[in-house]
Structures are given as C-alpha cells and as structure tokens.
Amino acid sequence: MAWTGASTQVRAQVERPGAVAPAAPSGADRPGGYDAAAHDALVERIRAGKATPREALDALRAWFPRAATAAQRERIASDGVVWALQADEPRESVGWARAVPLDRLANYAFESAFVAARRVDDRILQLQLTALQPTQRIVRRENAFALEDQGSLTEALAQAEAAERATPGSFSAFELASLRQQALGQRLRWAIAERDQRGGEGPERFEAIDALLPLYPNELQGASDAVQRATQANEADDLERWKALHLRLYADHLLAVSARGRFPEVTAAYERWQAEHPQQPLPYYALSDVAGAYQQQRRSDLAVPIYEEALRRGGDAIPVPSDTHTGLVYAYLDTARFEDAEALLQKLEQATPPMLRLTPEQGRPNPEYAEVRNLRALYQLYTERPWQAETSFRGLTSLAPLNAGFRSGLAETMKLRDKPDEALGRYRETLVDHPWDVAARAGYAGALFDAGEMRAGRELTENLQAEAPESIAVRNAVTQRETLYAARLDVDADYGQGHGSSVLADRDWRVDSKLSSPLWDDRWRLFFRQVFARGDTSLGNIDLSRTGVGVEYLQGRWRASAELNQADKGRYRTGLALGVDWRASDAWRFSARFDSNSLDTPWKARLANVGARSAEFGATYVVNESRAFEARYQRMDFSDGNTRDGFGLRWRERLVSGPRFQLEGTLSGETGRYDRQDVDYFAPRSESALQVGLTGKYLGWKRDDRRFSHVFGLEAGSYRQQGFGGGALWSLRYGHEWVFGRSATLAYGLGIASHPYDGVRERRRFVYLNLSVPFQ
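Colleague: So what exactly am I meant to see when it comes to the pattern of salt bridges here?
Modeller: Opposite charge on two side chains permits them to pair, given that their charged atoms come into close proximity. Scanning all chains against the criterion turns up 66 salt bridges. The partner of R312 in a salt bridge is E309, and the shortest N-O contact between them spans 2.6 Å. With a gap of three residues between them, R312 and E309 both fall in helix 16 (residues 300–314), about one helical turn apart. Between R337 and D340 there is a salt bridge, and its shortest N-O distance comes to 2.8 Å. Residue classification places R337 among the partly exposed positions, given a relative accessible area of 31%. Judged by relative accessible area, D340 falls into the partly exposed class, the value being 32%. Bridged by salt links that share partners, the residues E390, R394, R417, E422, R426 and E625 form one connected network.

Below, the structure written as structure tokens:
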C-alpha cells in the first residue's frame, strides 16, 4: 500500500485511550525469536481446523515483541486482526490494527479491521482506514454498513449503490436488497410522521407515502424471484435469508397501504399471504396493522383474534400500553366482549402508574398515564355509563386543559348526555386551539347534525372527506350525513285482539307507512304517507284508508311538517295534519300537533259516521339521557258535538345502565273527560290512571354498529272511571330489536294487557312491528 502522508497522525492514534494493544504472553522472556516456519504451520493448522483462532492469538502475542523486522511484525499484526475478530474479540482486533502503521497491514486484514472498528464504534480508525483507501471495495462496503448501524439508512444505500456501480461485485444482491428494504422502511416512517404533522392539508399530506408505494412491487418481486431461485438451487441458507427479507418487505408494504387509508387492500393482501405462506406468519407489528384495517372496515370480529395473536407474538417487544392494546380494547367492545375489555384495561392501568418509577428525580409524571385514563373514559362512554365518562373527562381536562382528545371526549359525552348545545360549544372551544384536528372536526360535524344544523354539518363533512378519508371519525360523520340525507321508509304496524264484545274493538290492526324523499337544500323533505286500518266491533266492522302527501322542514332548533290527506270514508275525509317541535334549550323541548281527521278516533264513532279533530301540546324537561319529565295535553272535538280533554304527566328514569343490560322506569299519570256520554262509543265522564312501568333491554349479539337485543316491558297500575269505580291495569310485552349499522332498525314483539272498561275487565293480546330503513 502507498502511504498517504498521514503517517504521523495515524501513529499518534495507535495508543489512544480505549484501544487494546496486544499483550506479551507470560513466556515472552524465553530465549528464541519469531519463526516464520512456525507461523506458516500455525496458519495451516487454523485452516485445517486443528487449532482455534483464540489459541492462535496466544502464539501471536508471544511472537510480536520478539519479531526482528518490521515485515514480521506486520504479518503478525495482520493475522492478529483477522483471528481476534474471528475469536469475537473486536477490541483486540483493533489493537492489532494499531500495532503497526495502518498502511502496512496486509490487504486480507483490511476488511476485518474495518469490521472490528465498526463493532467497537471506533470511528477514528474507520476514518483512517477510509482515508488510506477511499475507493477500495472493502472500505466502501464497510462505510455503507457503518452508516446502516448509525441509522443513516438512506445514505448507506446511496453509498452502497455507488460502490456497486464503481466496482461491480462489491455487494451481494442480498446485501443491496436488504439495504433497500431498510432504507424504504425508514423513509416510510418519515412519511407517516409527515402525514400526521400535515393533518390539515388534505391529499397533499400523502405525497411522501404516495412516492414510496410504487417502489414496493419491484422489491417484492425481486425478493420473491430470489426465493424461487434459492429453492430450485437447494441453497438452504440463501433461501431462509431471502424468505425473511421478502416477509419484511411484505409487512412494510402493508403498513404503507394502511397508512394511505386503503384498508380493503390491506386485508386482501393479508388473506392472500395467509393462503400462500401458511408456514410463514407475518410479524407481530404487521398483524397489528391488519387488525386495525379490519376494524376500520367494521369487522372487529376478525380483528380480535389477529390483535390477540400480535400480542402473543410480540411479547415483551410490545410496550404496555401500545396502539395494539388500545385497538384490542375497542375490538372487544365492538364484539360485546365487555369482560375481556375490562380485564385488558385493568392490565393497562396497573402497568401505567401516575408517576414514572425510574427517573433521575422523584415525582416525574408518566405521560402515558393520562392516555390510559382517556381510554378508561372512552370505555365508560361506549358501555352506556356517560355520567362516569363525564366525571373522567372533566378530570382529564383539568389536568391538560388544551388536550384536544380530552376536550373532544367531553364534548362527545355531552352529546350522548342529550345536551347538544353544550356539545357544540365545547367542540367550538376545542377547535379554537386546534383548528386542524381531524377527530375534533369530525365530532363537531356530528354535533352539528344532532343539533339540526344540517348545512354546516354537511359542508364540514365534505371537507373532511376530501382531506382525511381514511379517518374512522370522518367516516362515522359521513355515515351520519348519508343516513340523514337519504330517502327513508318508516313502517309502524300493530294488531290486537280482545275477548268478544270489547268496549273498544274485538280486534283491530293498523299499518302506518311513510316514504320520505332525500333531504334537499339541507332542510326540506317531501313525503308520502299511507295508513291502512281496520276495526271489528260488536256494532260492525269498518276499514280505513288514508293517503297523505306532505313536506317536512328541519333547521336548527325547529322541526315542522304539514300533510294534506284524503281518507276513503268518514266525516272528515279531506284533512290536514300539522306538527312542530322546538328545542328551546338543552333542557326544554316543546311540541304541538294538529290532525283534522284524528287517527285516534274510536272505531265505534267511525261506524256512526262521527269524525274527530285533535290538537296536542307537549313539554319535556330533560335533565340528561337518564332522566326526563314530560307533560301532555290533548283536545279532541267530535263532529257530533262531543269533546274530550286529556292531560298526562310522565317521569322517565334510567335505573340500570351497562353495556349488556339497561333498565328504564316510568311513573305516569293521566286523566281525561268527555262532555257527553249519550253516544255509541266509549266516552266516560271522567277517567284517570296511575301506573309504573319497567322496560328492559338485554344485548344478545353485537358486531360493531350491528346488534340484536331482547326487549321486555311491564306496566302495572290503577284505573278509575267515574260511575264504575276502579280496578287494576297491567301489561306485559316481549320483543326483539335489530340495529343494522347506524341507519336501519327493526323491532317486533308481542304482549298481553288487561284493562277495566265500564266496570268490566278486558284482556287483549297484541303484536307490533316497527321498521326504519334509509335508501343509501
């Protein structure tokens, strides 16, 4: 080798602190010197496997101080560099390299010296070796690997590719492919971080990810081809290396596609890999991405086992808490595995104390503690315990007043606590400090819809859909918008049968169907309504068919409707139905209804060609989602001159609330009176009733937004009629309730009721069906 003029500088570094110089053996004072023939024999023994590199080092240590010439010392040092590294003694290898001028090391020792320097992080020696032969293949290889070790993967790849172009064969195909995979992975991490930092910039925030996605197919194909070649050549070592590399590339590609929000592609790729490589499972971090993709597609039933497998495989490599744990908690909730969710959440809480345990100073807060408390609050919210969630979120916002997630959680809680105005206010306050927070803006859009601010909610949702279509919060807002704006069919049907000569009707049925148009201009909706009904009484039977067309208006606190209708018979065949609802505040709600051909007209009155007009006024005081008080007044004017005035009060209270079972109680009282009793239909001078009711709902099955519940009801009380005294009244009912996503519902059931009329107890059996379906 030619000396470059750095001799003095190099020699000055030989004895730098930390370098391990070769020590003389205990027998160094024995007579005799270095023997070249003995050295040659030692080399042969090492090559033949009759001696180990560690044993050979003992001889080199004895020979080095007795070598007579520089050439002898240089040969000894060069072999020492190689054998020390082979004996897993990189520091001694570095010491041998520094024992002679670096430019006098043999070529075969150069790579070992560079590797040893890299392993002990001796950057000065690396620089010296590079300065001696900057274009040498070994130097360029090791420089690239050194940059890889330091995390400079993109620069490592660039140097490796430059070296390969300058000197073909400097790197193997596997080494280059491995460097490309690692560099792509590093760029992908940077791209995801950039996406998150540019959250308010719409599609532009995906530019870095989009630039990487086209690079993966070629890399995957190359690795797959290499696997096939190694298989055909029966090269076991190469086969395992290439298979592992192909697996890493596949996992990275899944992450890139998931980060772009293309979740169906992620799950399809996972299923394809499972089918084609059953003996080569994806790494745990890729499984977490796959489970999240299933969750995003409302398939939490498929996400749960994959999350669980990710945690099993990851073991201690997965920190507690992590996104995988959080995703599994939500997946448990979405599949009604509430006990498992609670157990996992408790595990996370136990592993996340308020204060860090191992810190230089005492009392440093644990930043993950608040996040686990936030998860607990959301768990309470999603398991029908909003009052607990409110307490939790208020505590969190007091700890971190500017945290967007905590403030949005409190706003969402207020929405579910039936306080839309407060929810809107809290979202607006959050967005003042975090105007580009996607989750907060999506929650605000949902709150606008709940408050009747349709146009503002639609415009915000459209903007979010363009900016962050992959966000589950955005997609929830989009689903809500589509449901509210879609055409809809609503059907209410019931059938009842008494036991002969009933005061009201022996049997009767009614089907009330309403077909509504899509919402247009953010506030108007046309509808068509058809009512079919029949009553069989002791005086005869009568049918009713009423067809109506109308318009609904929705804006902010107001909701109104007007319907023109035409019946096939009766005194008031052509009629008008009006309705208006006003939400005065979060606490007060008022309503008014008018129908010129009341559907509550008794069947026996219709048989006598008597019609009725009805007007109704209501007021509700809402404390929260668990408690409300209602008052209602109704006036009916009959065409025969009779009138009925009725007044009722009702107290509704949620008694038990949880993820599987809810129980609601009601206490209600009603009173009514008719002016005339000389009519053919039931018209008591005065009547009153007081009753207590219980309605329970038990969750039988749940998957994401779809669920099935058992519903039962019990009512019992006392009824009193002037002139006939009083008696008990009661009813029992049982039914099923289906919720298909966030848009369609179906409820049906049957029941039995007992009620005294004119002093005679009547028993009635009934069935009912309610259907609501949007056409999205």
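Colleague: Any chance you could explain a nonpolar patch on the surface here in plain terms?
Modeller: A cluster of nonpolar side chains, W558, W582, W588, F590, Y621, F629, W651, L667, L690 and V692, forms an exposed patch at the surface whose accessible area comes to about 940 Å². For the nonpolar patch, the secondary-structure elements that each account for two or more residues are strand 7 (588–595) and strand 12 (687–703). Tracing the backbone through its elements, the reader meets W558 in strand 5 (residues 558–567).

Colleague: Hey, could you run me through the layout of surface pockets in this one?
Modeller: The probe, sized like a water molecule, is rolled over the atoms to show the empty space still left. The computed volume of the second largest pocket comes to approximately 240 Å³. In terms of lining residues, the second largest pocket is bounded by 13 residues, among which L220, Y250, H253, A269 and R272 are the most central. For the lining of the second largest pocket, the elements supplying multiple residues, two or more each, are helix 13 (236–259) and helix 14 (263–276). When residues in the lining of the second largest pocket are grouped by element, the largest group, six residues, is from helix 14. In the lining of the second largest pocket, the residues fall into seven nonpolar, three polar and three charged.

Colleague: For this particular structure, what's the right way to read the side chain of R376?
Modeller: In this fold, R376 is placed in helix 19 (residues 367–382). With residues up to four places along the chain from it excluded, the contact list for R376 reads E342, L345, Q346 and E349.

Colleague: For this particular structure, what's the right way to read helix 24 (residues 454–467)?
Modeller: In an α-helix there are 3.6 residues to a turn, and that puts residues three or four apart on one side. Between its terminal C-alpha atoms helix 24 stretches 20 Å, which fits the 20 Å expected from 14 residues at 1.5 Å a residue. The inward-facing, buried residues of helix 24 abut helix 23 (438–450), helix 25 (472–485) and strand 4 (540–555).

Colleague: Could you clarify how one ought to interpret the environment of S585 in this entry?
Modeller: Inspection of the secondary structure assignment puts S585 in the loop between strand 6 (574–583) and strand 7. Other than its neighbours up to four places away in sequence, S585 contacts D421 and R557. From its side chain, S585 meets the backbone nitrogen of A587 in a polar contact 3.2 Å long.

Colleague: How should helix 12 (residues 216–232) be read in this particular structure?
Modeller: Between the first and last C-alpha of helix 12 there are 24 Å, a value that for 17 residues agrees with the 24 Å anticipated at 1.5 Å per step. On the buried face of helix 12, the contacting elements are helix 10 (173–197), helix 11 (207–212) and helix 13.

Colleague: Looking at this model, I keep getting lost on the pairing of strand 15 (residues 744–757). Mind explaining?
Modeller: Remark: a regular strand shows side chains that alternate across the two faces of the sheet. In this structure, strand 14 (residues 725–740) lies alongside strand 15, joined through 11 bridges in antiparallel fashion. Within strand 15, the position partnered with Y734 by the bridge is L750. Counting the residues in the hairpin turn of strand 14 and strand 15 gives three residues, including G741, whose phi is positive at 70°. Note: strand 15 against strand 16 (residues 760–775), 13 bridges, orientation antiparallel. Note that in strand 16 the partner of Y748 across the bridge is L769.

Definitions and cut-offs
- Residues numbered from 1 in each chain as written.
- Predicted model: local features only at pLDDT ≥ 70, side-chain atom pairs only at ≥ 80, totals over all residues.
- Heavy atoms only, no water.
- Salt bridge = Lys/Arg side-chain N within 4 Å of Asp/Glu carboxyl O.
- Helix = DSSP H or I, 4+ residues; strand = E, 2+ residues; numbered from the N terminus.
- Buried < 20%, exposed > 50% of the residue type's maximum accessible area, 1.4 Å probe, protein only.
- Patch = residues over 30% accessible without salt bridge, like charges linked within 9 Å, V, L, I, M, F, W, Y side chains within 5 Å.
- Areas by Shrake-Rupley, 256 points an atom, 1.4 Å probe, with all protein chains shown as cover.
- 1 Å grid on protein atoms, 1.4 Å probe; cavity = no way out; pocket = protein on both sides within 12 Å on 5 of 7 lines; lining within 4 Å.
- Points joined across faces, edges and corners; volume = space filled by probe spheres on them.
- Nonpolar A, V, L, I, M, F, W, Y, C, P; charged D, E, K, R; others polar.
- Contact = heavy atoms within 4.5 Å.
- Expected span 1.5 Å × (residues − 1).
- Polar contact = N/O pair within 3.5 Å; in protein donor to acceptor, adjacent residues only side chain to side chain.
- Pairing = 2+ DSSP bridges.

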